[in-house]
Amino acid sequence: MMSRESVVSASALVKTFGDVRALRGVGFEVGTGEVVGFLGPNGAGKSTAIRILAGFLGADSGTAKICGIDVALDPVSAKQHLGYLPESNPLYTEMRVQDFLQFAAGARGLSGGVARAAIDQAVERTGLASVWGRLIGECSKGFRQRVGLAQALLHEPDLLILDEPTNGLDPLQVVEIRELVRELGREKTVLLTSHVLSEVEALAGRVVLLHQGEKVADGSLAELTTQAGVMPVQVSAICDGASLAAACTEAGAETIRELPNHADGASSWLCEWSVSSIGAAQTQAHAVRALTDAGLTLIEFSPQNATLESLFRTLSRPSSVEVSS
Amino acid sequence: MKAFLLAKREWKSAVDSPVAYVLLALLPAVSAAFFFVMGPFFDRGVATLRDFFGLLPWLFVMVIPAITMRAWAEERRSGTEELLMTYPMRLRDLVLGKFLGAWGLLAASLFFTAGIPLTVASLGDLDWGPVVGGYLGAMLMGAAAISFGLFLSASTRNQVVAWLISAVGLMTWNMLDFAATAEATPPALGRWLLAADFDEHFFAFARGVVDFRDVVFYLSVTVFFLCLNGLTFEHRRAS
Ligand SMILES: Nc1ncnc2c1ncn2[C@@H]1O[C@H](COP(=O)(O)OP(=O)(O)OP(=O)(O)O)[C@@H](O)[C@H]1O
Ligand SMILES: [Mg+2]
């Protein structure tokens, strides 16, 4: 990350609303070409941090830079580099898709043939052709999300900020929008927020974990899992659920959760082992040995990335963890 | 010019919205109704638009807050404010754009009142000087009222509240001359009140007289509230 130029550079951001301390000194970087996931529970301060970056809110203290430009000092230039999909995707519902995209292009300083080409490309990318002349308010939620994405990427920005891009969509549309974001992530620098771990896992190479206005972790999900000191493993064996659970607990698993049953006669549990003292490989070896010694016919023992719950349980303690990549 | 871009967006939205048509029709319809039906025009037997222009400041009290109430309040309510404020546009262009948008709608609305002078001219010998002056004054007074209304729209997210405060504000401002001429008012204060009165600066226009001081009055009120509007956003961004 050191060698890469930072597209986003935020340091020591503080923001209070009345007596709510939304951000208590948050700093992070996003390098060129990175896709970074901002992760945290409701009220963690994700949107607040993003609104400061986008120039919608001013920070009480700290600096936010986009492509090296301080957003507070030169907002217009900084915003030129930014494409932004705000949380809950506000749009002018009384406008037609076509008119709105033309307005958005103009607002970004595009005009004439350049604007037309940019709009055409954005429409093609986001698959908006079929609702081109429709009122935005009459579009389905999925299409509205696409309109929000289209206005954000019209001007080929250096940075895309997407605040909960799949929030409130049905599962099918979640998949489609995720696919779109994944494609965008191949060529662009993206900062996206979510409180769904699997989404960030699917899209982002790196995770910044916020909790109660503080950054509690920063690194790839695998690194965070290691840092968190837990090893979630999916364990399946040919036996009934109760005896597998007992065996796992006997083998040292700290938490266990039953997974939906799949094959005939087999049962699966998601178990977490603590790996703090002896390391992941040793922990695995011990666990497998213990389970086989218990007489189980193991058919699966596959380590997983940490769940959001376990990450928060272990990482959101006062001393923050930083993982450099 | 990004301000025009925003103004055009306002107009485009207006074209697609039935509310805007009602608004545009309101001023011509009500003024024509008052002027020809209820007003003393036909009794007087003189071809003059004095009564129409006399009525205009009071119509503005209702109509202009209705034009401006949505402007910012609706952006706040729907959240599109966040889009607008994160596009690379200067605050000045945003405020000016909203202003031009509303001013354009007022111009369109006033345009449709042209039937009144045309009718009068067809009935008698109309002196066009006061008519041109009156419309010029109406646009200037309208500009001041619009920037006042926009400022109030920026300060609330409820359109009805924005309308109510602007309407009551304008009405009070129009009535300063009553306070100025009241017996209890000391003459020195009275002169100040009269100079500060909102529609008092309009009537010379309607007589065909363009007084520099009246122009300056409306322009300064306009600029003052547009600046206040900008400051409201600066303040909100930081808080
Ligand atoms: N405009 C505001 N006025 C007052 N409080 C606010 C405002 N915006 C955010 N907050 C508060 O600041 C805290 C952080 O909010 P923020 O929206 O940044 O969280 P978030 O991480 O985006 O949560 P979510 O996942 O729900 O979107 C919350 O306690 C919220 O109530
Ligand atoms: Mg949020």
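Whatever comes next refers back to the structure up there.
Residues numbered from 1 in each chain as written. Chains lettered and ligands numbered in written order. Predicted model: local features only at pLDDT ≥ 70, side-chain atom pairs only at ≥ 80, totals over all residues. Heavy atoms only, no water.

## Points about the interface of chain B and chain A
Thought 1: With 24 residues of chain B at the contact, the number on the chain A side is 30 residues.
Thought 2: Here chain B meets chain A over a buried area of about 2500 Å², counting both sides, of which 60% is carbon and sulfur.
Thought 3: On the surface where chain B and chain A come into contact, there are two salt bridges.
Thought 4: Among the salt bridges present, the one from R9 of chain B reaches E94 of chain A, with a minimum N-O distance of 3.5 Å.
Thought 5: The interface formed by chain B and chain A holds nine residue pairs in polar contact (both at pLDDT 80 or more) in total.
Thought 6: Broken down by secondary-structure element, the contributors of at least two residues to the side of chain B that touches chain A are α1 (2-15), α4 (50-78), α5 (80-86) and α13 (212-238) of chain B.
Thought 7: Ranked by the residues each element gives to the side of chain B that touches chain A, the list is headed by α5 of chain B, at seven residues. (Contact = heavy atoms within 4.5 Å. Buried area = accessible area lost by both parts, 1.4 Å probe. Salt bridge = Lys/Arg side-chain N within 4 Å of Asp/Glu carboxyl O. Polar contact = N/O pair within 3.5 Å; in protein donor to acceptor, adjacent residues only side chain to side chain. Helix = DSSP H or I, 4+ residues; strand = E, 2+ residues; numbered from the N terminus.)

## Comments concerning a nonpolar patch on the surface
Residue and element names in this part refer to chain B.
Thought 1: A cluster of nonpolar side chains, contributed by M1, F4, W11 and L96, occupies part of the molecular surface with about 410 Å² of accessible area.
Thought 2: Relative to the helices and strands, F4 resides in helix α1.
Thought 3: With relative accessibility at 43%, the residue F4 sits in the partly exposed group. (Patch = residues over 30% accessible without salt bridge, like charges linked within 9 Å, V, L, I, M, F, W, Y side chains within 5 Å. Areas by Shrake-Rupley, 256 points an atom, 1.4 Å probe, with all protein chains shown as cover. Buried < 20%, exposed > 50% of the residue type's maximum accessible area, 1.4 Å probe, protein only.)

## Examining the environment of L136 of chain B
Residues and elements named next belong to chain B.
Thought 1: Counting through the fold element by element, L136 comes out in helix α8 (residues 128-154).
Thought 2: Residue classification places L136 among the partly exposed residues on the basis of a relative accessible area of 41%.
Thought 3: Sequence separation between L136 and F205 is 69 residues, and the spatial gap between their C-alpha atoms is 7.3 Å.

## Details of the pairing of strand β11 (residues 230-238) of chain A
Residues in a regular strand project their side chains so that they alternate between the two faces of the sheet.
All names here are of chain A.
Thought 1: With eight of its nine residues buried, β11 lies for the most part within the structure.
Thought 2: The pairing of β11 with strand β13 (residues 266-274) spans nine bridges and is antiparallel. Considered in β13, the bridge of M231 is made with W273.
Thought 3: Where β11 lies against strand β14 (residues 298-303), five bridges are found, and the strand directions are antiparallel. Considered in β14, the bridge of V235 is made with F301. (Pairing = 2+ DSSP bridges.)

## Structural notes on the packing of helix α6 (residues 91-111) of chain B against α13 of chain B
All names here are of chain B.
Thought 1: One way to put it is that α6 packs onto α13 with a least axis distance of 10 Å and a crossing angle of 130°. Between α6 and α13, the interaxial angle falls into the category oblique. For the crossing formed where α6 meets α13, the hand is right-handed. Here L91, V95, L96 and F99 of α6 come into contact with α13, specifically with T222, L226, N229, G230, F233 and E234.
Thought 2: Looking at the contact of α6 with α13, its residues break down into six nonpolar, three polar and one charged. (Axes fitted to C-alpha atoms, helices over the stretch in contact; angles between N-to-C directions. Parallel < 35°, antiparallel > 145°, perpendicular 65-115°, else oblique. Left-handed = near helix turned anticlockwise from the far one by under 90°. Nonpolar A, V, L, I, M, F, W, Y, C, P; charged D, E, K, R; others polar.)

## Some details on the packing of aromatic side chains
Thought 1: Summed over all chains, the structure comprises 21 aromatic pairs over all chains.
Thought 2: Relative to F301 of chain A, the ring of W273 of chain A lies with its centre 5.9 Å away and its plane at 45°, an arrangement referred to as tilted. Taken together, the positions of W273 of chain A in strand β13 and F301 of chain A in strand β14 put the pair 28 residues apart, joining distant regions of the chain. Here W273 of chain A and F301 of chain A have matching classes, each one buried.
Thought 3: Taken together, the ring pairs connect F148, F151, W173, F198, F217, Y218, F224 and F225 of chain B into an aromatic cluster. (Phe/Tyr/Trp six-rings, centres within 6.5 Å; stacked < 30°, edge-to-face > 60°.)

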